[in-house]
Amino acid sequence: MKVHILDDWFDTLRSLPSFDLLAGHEVTVWTDHQPDETVLADRLQDADCVVLFRERTKVTRGLLERLPNLRLISQRGAYPHVDVAACTDNGVLLCSNKGADGANHAAAELTFALILAAMRQLPQQMASAKAGNWQMGVGRSLRGRRLGLYGYGRIGRVVADYARAFGMEVVWWGSDAGRTRAKGDGETVAESRQAFFGTCDVVSLHLRLTPETRGSVTAEDLSAMPPRSILVNTSRAGLIAEGALLQALNAGHLGTAAVDVFDTEPLTNPNDPLLSHPKLIATPHIGFVTEDEFDKQFADIFAQVNAYAAGAPIHMINPSVYVP
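An unreviewed UniProt entry lists the protein chain under the name D-isomer specific 2-hydroxyacid dehydrogenase, with Sulfitobacter indolifex HEL-45 given as the organism. Of the protein chain, the UniProt comment under Sequence similarities (unreviewed entry) reads exactly: "Belongs to the D-isomer specific 2-hydroxyacid dehydrogenase family."

The structure is reproduced here in structure tokens:
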């Protein structure tokens, strides 16, 4: 099959063990991001299969209608960036392992790194030292402080383990079902939403972004947080109501926000009001960006390509289009 891989910005995949799974296919790797749909369609004219790199490229009806040779899209996880109905209408099978085993430890590690960075003022202290000014302030310890985790999922539970190793108290919030599961596992669940946001030193978000969870964290929630508290978001920017985070930082409702995700990505404007805010610590959506995590994820993605080529596709999202 002619397999095209999109958005491998640092040409990482060819160096990973999982890439060997594509031996026998004619593989093209694109190392830039192409937002122009016309140019992208021209690039992919001969593609039998397109491999997506997370949510970096949107697959629209307009793009699909320009790709008459395309038979398969292979990716991993949720797919809000893919028009599934258009895939079906154009006879393109979407395969995505949504229920992949195990937590994303890379994302959990970055989450805790951001917590440490915010509490110990690491970006500011590093900048001060490099500027020849030595110390710039006094940070805070984690031991004895309360970490609130919003969303009782696999990544959140790994973060909870890290927090306990540092001597933090862990409390949970989430959907009714999530809170029930947490209680069933013997975890501490906040008495109320107000108590969750109002008593935690650090709140970290660990929800999938769906129509139901979009805007889950409101301006009212953020205004309830203690003035020196920290909000961490390595999940999706859309979990926070539009504009609410910047409003909270400007109003002094938060001490610091530490985020890996933004409403617009890639965000390359250094003067963006949120990105440039003095109370914001930011990383450029690198929660999943490690060689180890890439190898794990793309082993699944490439296995889907091979399963399709062998006539036994797996993880089909729109199976009605597949004709053996």
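Enquirer: For the packing of helix α4 (residues 105-119) against helix α6 (residues 154-165), give the residues involved together with the corresponding values.
Expert: Running from amino to carboxyl end, α4 crosses α6 at an angle of 45°, the nearest separation of the two axes being 9 Å. In terms of orientation, α4 lies oblique with respect to α6. The handedness of the crossing between α4 and α6 comes out as right-handed. On the side of α4, the interface is formed by His-105, Ala-107, Ala-108, Glu-109, Thr-111 and Phe-112, while α6 contributes Ile-155, Val-158, Val-159, Tyr-162 and Ala-163. Residues that form the contact of α4 with α6 fall into these classes: eight nonpolar, two polar and one charged.

Enquirer: Outline the sheet that holds strand β7 (residues 169-173), listing residues and values.
Expert: The parallel open sheet is built from six strands, whose spatial order is β7-β6-β8-β9-β10-β11. Bordering the open sheet on either side are β7 and β11 (280-282), each of which pairs with just one other strand. The average undirected angle you get between the axes of adjacent strands in this sheet is 15°. Of the pairings in the sheet, the one linking strand β10 (residues 256-259) to β11 comprises three bridges and is parallel in character. In the sheet register, Ala-257 faces β11, and the bridge partner there is Leu-280. Across the sheet, α6 touches β6 (146-150) and β7, and the angle it forms with β7 is around 160°.

Quick notes on the rules
- Residues numbered from 1 in each chain as written.
- Predicted model: local features only at pLDDT ≥ 70, side-chain atom pairs only at ≥ 80, totals over all residues.
- Heavy atoms only, no water.
- UniProt positions renumbered as here; feature names shortened; annotations may be inferred.
- Axes fitted to C-alpha atoms, helices over the stretch in contact; angles between N-to-C directions.
- Helix = DSSP H or I, 4+ residues; strand = E, 2+ residues; numbered from the N terminus.
- Parallel < 35°, antiparallel > 145°, perpendicular 65-115°, else oblique.
- Left-handed = near helix turned anticlockwise from the far one by under 90°.
- Contact = heavy atoms within 4.5 Å.
- Nonpolar A, V, L, I, M, F, W, Y, C, P; charged D, E, K, R; others polar.
- Pairing = 2+ DSSP bridges.

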